[in-house]
Amino acid sequence: MTTVTHEHEHVDEHAAPPAPTGWRRLTAPGWLRVPWMIVVFFGIGAGITVLVRWLEGWHPIWKGSIITTVELTTVPLGFLAGIGTFDYWVRYATGAPTAPEDHSGHGARSWRDYFRVNTDHKVIGVQYLVTTIFFFLAAGMLAMFVRAELAKPGMQFFDNQTYNGLFSVHASLMIFLFVIPAFAGLANFVVPLMLGAPDMAFPRLNALSYWLLPMAGFMMLGSFLVPGGAFATGWTSYAPLAVHQPLGQVFFNMGVQWAGASSIMTALNFLVTIITMRAPGMTFWRMPLLVWANFTTSLLVVIATPFIAGSQFFVMFDRVMHTHFFDPGHGGYPLAYQHIFWFYSHPAVYIMMLPGFGIASEVISVMSRKPIFGYRLMALSLLAILVLGFSVWAHHMFVSGMAPWLRVPMMATTLLIAVPTGIKVFSWLATMWEGRINFSTPMLFAVGFVSMFVIGGLSGIYLGAVPIDIHVSDTAFVVAHIHYVLFGGSLFTIFAGIYYWFPKMTGRMYNERLGKLHFWLTFVGFNLTFFPMHLIGVQGMPRRVADYAPRFADWNLFISIASFGLGASTVVFLYNMIWSWRFGPPAGGNPWRALTLEWQVTSPPPIFNFDEIPQVVGSPYEYGVPGARHAVLNGDRAEVGELEEVRRT
């Protein structure tokens, strides 16, 4: 195990400069500049729209729906300009002398640093996590409204359009504003540390990618406030239905664009960081599996995300510019939307799973005190999922009316992709076999993930088989499947990662008893909520409807009661995190006795991560091997040659 570096001391050149005074406070980047910059950019957007409509002779010149669509681009740009994400680049692009780098915008010296543009990957990681947990709570509240409506047959609280908006915004927030960016937040904090790097490759781009995220989330939530209500077409937003929705639909189209841009920026940053900034001695086969997972995920994001961006642009063109991409009455092809959308959205399932695979691998190996079983095959299976993930999209379309001959090859590839996933499950089980397992909270969530993901994977194999899929398509069975994959899979690993790296992020330990209580409440509440959906789904209970046949009433009442219990379990998590961050006992540099590099520095880490560049000398998972080290720091370079000689002999 490597030696923990000494406590990092802040030196004068890293201190924040004096705050601006007087009128300069309004022009300096920050929250005081945001309001008037938003007003300016709002005026620019409205002015351009009115001018173009006047020049073209279109009436009315002031058309609210068109102006709103434009403002969903210009107002966010005004916010970004006000908060200060563009300042450096604007000066650079205009040829003005750039401000000298004093590192005042890098690192957290007080809580206020988390509320401004910051280039420190650790601060950005925490910003991501706190923001995504907020949207997780908002989406969960919408789910409670949905379950309240479904507790009894008939219409209790909402009309059909409002109900459709509730589950649509719920799903969109959970996918685009929680699961995907929460994994990005954990990786933002951990991956550069695991690589032995001082930061991400592009710190300013990293900061910008975060600030795109809250705009997308509030855009989706704000759709409830516009005439006609929220977008009500589900998170899939199928055309041509989406083309004929109220104005709230545009908020989904643009929210996805902003969230997608954030994902692409983050993925490019990860790729460059992982490829170019690894510590000396860290070959690809010495990288931790979390780094491998984020490497393959980033490749998926860069390749696939432009497709969903294109699909939403086409829908907006049909709405605003009166094109006919998806209008069959004018030669359009509605199924094209589904092909484009699912060519992104099935790889997106793996974007929401692969980082969790990496987290589970880290936690299970450390808590079992054993080397990860089949390390290289685990890494290669990640790459296999990357490749095969682009060959299975049409299994979502078996009942869409697509060419029948396409069903069989898509069914075959869908079943084939279970092989690399199965490799991972068996590897985790083999790693735990005869291990000295520490069932702390991170391990409980990791083991819970394995069990829940196996159930979700098995139901996915059922849905991949054409005859079964035709029978249960658009039923509660599909709802059960996606929640076992994304809640039992993604959310359990997110919780495992938060608890595992909480000491490193905050320098304090969480309350273990509350952590275990949170796990068991979540595990039991989750299964009581979603497992019965398999049963009523097979019997014909439809999804995405506010009313249903009385024969499903008892099961739906049971599911609704269980769902409220599941929602209440989150209160334990929030209390534990907030109280422990403030009052938890101090954490050492390496409370889990892990080998990976992030645990070889203080908790929380120094501003620039390492006081000296680490030298990687071995695998990150050699638990139980006497004298094993992943890396050496603090002047232990003399041991490197000796260790390498021992390995060769």
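For the structure, check the block above.
Residues numbered from 1 in each chain as written. Predicted model: local features only at pLDDT ≥ 70, side-chain atom pairs only at ≥ 80, totals over all residues. Heavy atoms only, no water.

**Student:** I tried to follow the overall build of the protein on my own but got confused; where do I start?
**Tutor:** Check the secondary structure of the protein and you find 20 helices and two strands. Computed over the C-alpha atoms, the radius of gyration of the protein is 25 Å, within 12% of the 26 Å expected from 2.2 N^0.38 for a compact globule of 649 residues. On the principal axes, the C-alpha backbone points of the protein span a range of 75 × 65 × 45 Å. Counting across all 649 residues of the protein, residues that qualify as buried make up 56%. Restricting to contacts in the protein with at least 6 residues of sequence separation, those with at least 24 account for 79%. Of the roughly 26500 Å² of accessible surface on the protein, a fraction of 70% belongs to carbon and sulfur atoms. For the protein, the distance from the average site of its 35 positive side-chain charges to the average site of its 32 negative ones is 3 Å. (Helix = DSSP H or I, 4+ residues; strand = E, 2+ residues; numbered from the N terminus. Rg over C-alpha atoms; globule rule 2.2 N^0.38 Å. Buried < 20%, exposed > 50% of the residue type's maximum accessible area, 1.4 Å probe, protein only. Contact = heavy atoms within 4.5 Å. Areas by Shrake-Rupley, 256 points an atom, 1.4 Å probe, with all protein chains shown as cover. Lys, Arg positive; Asp, Glu negative; His and termini not counted. Charge placed at Lys NZ, Arg CZ, Asp CG, Glu CD.)

**Student:** Would you explain the pattern of salt bridges in this entry?
**Tutor:** If the charged atoms of two oppositely charged side chains come close together, the side chains can form a pair. Counted under the stated rule, the structure contains four salt bridges. The shortest N-O distance in the salt bridge between Asp 113 and Arg 116 comes to 2.5 Å. Assessed through its relative accessible area of 26%, Arg 116 is described here as partly exposed. With a shortest N-O distance of 3.0 Å, Lys 122 and Asp 120 are connected by a salt bridge. You can call Asp 120 buried: its relative accessible area is 2%. (Salt bridge = Lys/Arg side-chain N within 4 Å of Asp/Glu carboxyl O.)

**Student:** Hey, could you run me through the packing of aromatic side chains in this one?
**Tutor:** How two aromatic rings sit relative to each other is set out by the distance from centre to centre and by the angle between their planes. Using the criterion set out here, one finds 65 aromatic pairs in the structure. Pairing Trp 285 with Tyr 375 gives two aromatic rings, centres 6.4 Å apart and planes at 75 degrees, and the pair type is edge-to-face. One end of the pair, Trp 285, is in the loop between helix 8 (248–276) and helix 9 (289–320); the other, Tyr 375, is in helix 12 (residues 375–388), with 90 residues separating them in the sequence. We classify Trp 285 as partly exposed; its relative accessible area is 31%. Geometry around Tyr 88 places Arg 204 over its ring, the cationic atom sitting 3.5 Å from the centre. (Phe/Tyr/Trp six-rings, centres within 6.5 Å; stacked < 30°, edge-to-face > 60°. Lys NZ or Arg CZ within 6 Å of the ring centre and 35° of its normal.)

**Student:** I would appreciate a short explanation of the nonpolar core in the present structure.
**Tutor:** Most often, soluble globular proteins keep nonpolar side chains buried together rather than apart. Counting residues in hydrophobic clusters, the biggest one holds 183 residues, and the most contacted among them are Leu 173, Phe 176, Phe 357, Trp 428, Phe 449, Tyr 500 and Trp 501. The biggest single contributor to this core is helix 6 (residues 160–195), with 24 residues. Filtering out sequence-adjacent residues up to four positions away, Trp 501 remains in contact with Leu 186, Val 190, Met 194, Leu 290, Ile 359, Glu 362, Glu 598 and Trp 599. (Core = buried A, V, L, I, M, F, W, Y, C linked by side-chain atoms within 4.5 Å.)

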